[in-house]
Amino acid sequence: DIIGLQLATLDFRSGTPSTVPSNCCQRNSMHPIARIQLQHSVNGHKLLASSRQGPSQFVCRALEPRMQQQAVISAKATGTFLGVPDMPLLGLGLAALGRPGYINLGHGNDLAGKSVDEMRGNTAEVLSAALGLGIRYFDAARSYGCAEEFLGSWLGSLAPEQLSRAVVGSKWGYYYTADWQVDTGGKPHEVKEHTAANLRKQAAETSSHLGAHLALYQIHSATVESGVLDAADVVSELETLKRQKGWKMGLSLSGHLQSPGALRRYVCSEAMKSGGARRGSVRPSIRPSVHPSVRLCVNSNTWRGALAEAAAAGMSVIVKEALANGRLTLRNTNSAFAPKLALLQRTADKYGTTVDALSLAAVIVQPFRPMVLSGAATVEQLVSNAAALELAGRLEASDVAELVAELAESPEQYWAERSALAWN
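A brief look at the structure comes next. Just so it is clear, the model here is predicted, and its values are computed rather than measured.

**Brief notes about the overall build of the protein**
Each helix and strand counted, the protein has 14 helices and 14 strands in total. Per-residue burial for the protein yields a buried fraction of 53% across its 424 residues. Put simply, of all contacts in the protein between residues at least 6 apart along the chain, 77% involve residues at least 24 apart. Counting every atom, the protein has about 17,900 Å² of accessible surface; 52% of that belongs to carbon and sulfur.

Structure representation (structure tokens):
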């Protein structure tokens, strides 16, 4: 019996116990839900190899989120997201966790093992650390390899109180084609299909993995060219999913052709009108339960006005790639970026923090109050990123303004550099 203790692992070293606690997983095989790494800590104390006597045969899944002490979260780093008040405005995206290949700088070196089971275990560790830090929003997609499956398995391992804190979103519109390979011989890792038939297929797959846990379903990389929001059959399917499953609906915007005008068009589209009173500078109001979020990169000053309008219209804003796939970190060794990296480092030193935490905090404090996604692939990266939640309360407006002025890029430049990033 365990009473009043916070434990990371339960070791059964004297043979198989007669009774295994009901909230613990069975023998720790190559299908780990929550593999315990020795560098983790319990209540601030490191778990050293010398403190263990033999292999751990069982791990208690429901207790592991307690392993990581909660981050300090400033009031400036919380807000209402998808109607949930007081949400920490740092979430975890699973693009780099659900598949072996991704475009983040140095991604290949982040992964100790690249089998499905090894990555499932790593994903569970990062998710558990995130929840322990106070991070509550988790963002997946059909095209992120096994991300939905990994996330669903982990959610199923949580105790009810832990599960109640998690808010889950996913996306449809791309399907994964890399077949767990990093080098695909020039073939794409994911393919877009914004049809009603694919929506039905992928919604069923998402439902099978995430079920009742899903709160938000987004159109992945909606573009003007795809005409997805003008497609009556797609909009009808989205309405059906909203009505039958209670999912909120959103969209992500990507690519240099996705101008602020395109966002305004989506917000003001006939399919999204509610016929209600006008709100702010966005002429028709939208139905938040139909279309409550927009997810995108913020890479230029011109976007911020449109995002403020979207937020005023009732949309939640999610910012992906706030670290530009590693280009806003010390991993960017491009000599052309050196002066900007020096600015980031000087500012980070002023606040006694890291470059990645500074970059994330500068986005969190933007006036449109976005949910900013960490793309961490390891617990160590996530802990460093999570320092942004405290830093957001200390950042001076003048420093944020300088960073935005010096680091913002045109959409054309941003997407040209992003497209040149190698899958690794």
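**Looking at the nonpolar core**
By size, the foremost hydrophobic cluster in this structure holds 100 residues, and its most contacted members are L92, Y137, F138, L151, W154, Y217 and L382. Per element, the largest residue contribution to this core is eight residues, and it comes from helix α10 (residues 355–364). Those residues in contact with L92 that sit more than four places away from it in its chain are L97, V126, L127, A130, I135, Y137, F138, D139, L373, S374, A376 and L382. In terms of nonpolar packing, the next biggest core, distinct from the first, is built from five residues, M119, C146, F150 and W180 among them.

**Quick look at the environment of V372**
Its place among the elements puts V372 in strand β14 (residues 371–374). The sequence separation of V372 and P88 amounts to 284 residues, and the corresponding C-alpha distance is 9.4 Å. V372 has contacts with L89, L90, G91, V319, A322, L360, V363 and I364, leaving out every residue within four places of it along the chain.

**Looking at the environment of V400**
Following the sequence through the fold, V400 ends up in helix α13 (residues 397–407). Overall, the relative accessible area of 11% leaves V400 in the buried class. Along the backbone, V400 and Q366 are 34 residues apart, and their C-alpha atoms lie at a distance of 8.9 Å. Those residues in contact with V400 that sit more than four places away from it in its chain are A362, V365, Q366 and L395.

Conventions and cut-offs
Residues numbered from 1 in each chain as written. Predicted model: local features only at pLDDT ≥ 70, side-chain atom pairs only at ≥ 80, totals over all residues. Heavy atoms only, no water. Helix = DSSP H or I, 4+ residues; strand = E, 2+ residues; numbered from the N terminus. Buried < 20%, exposed > 50% of the residue type's maximum accessible area, 1.4 Å probe, protein only. Contact = heavy atoms within 4.5 Å. Areas by Shrake-Rupley, 256 points an atom, 1.4 Å probe, with all protein chains shown as cover. Core = buried A, V, L, I, M, F, W, Y, C linked by side-chain atoms within 4.5 Å.

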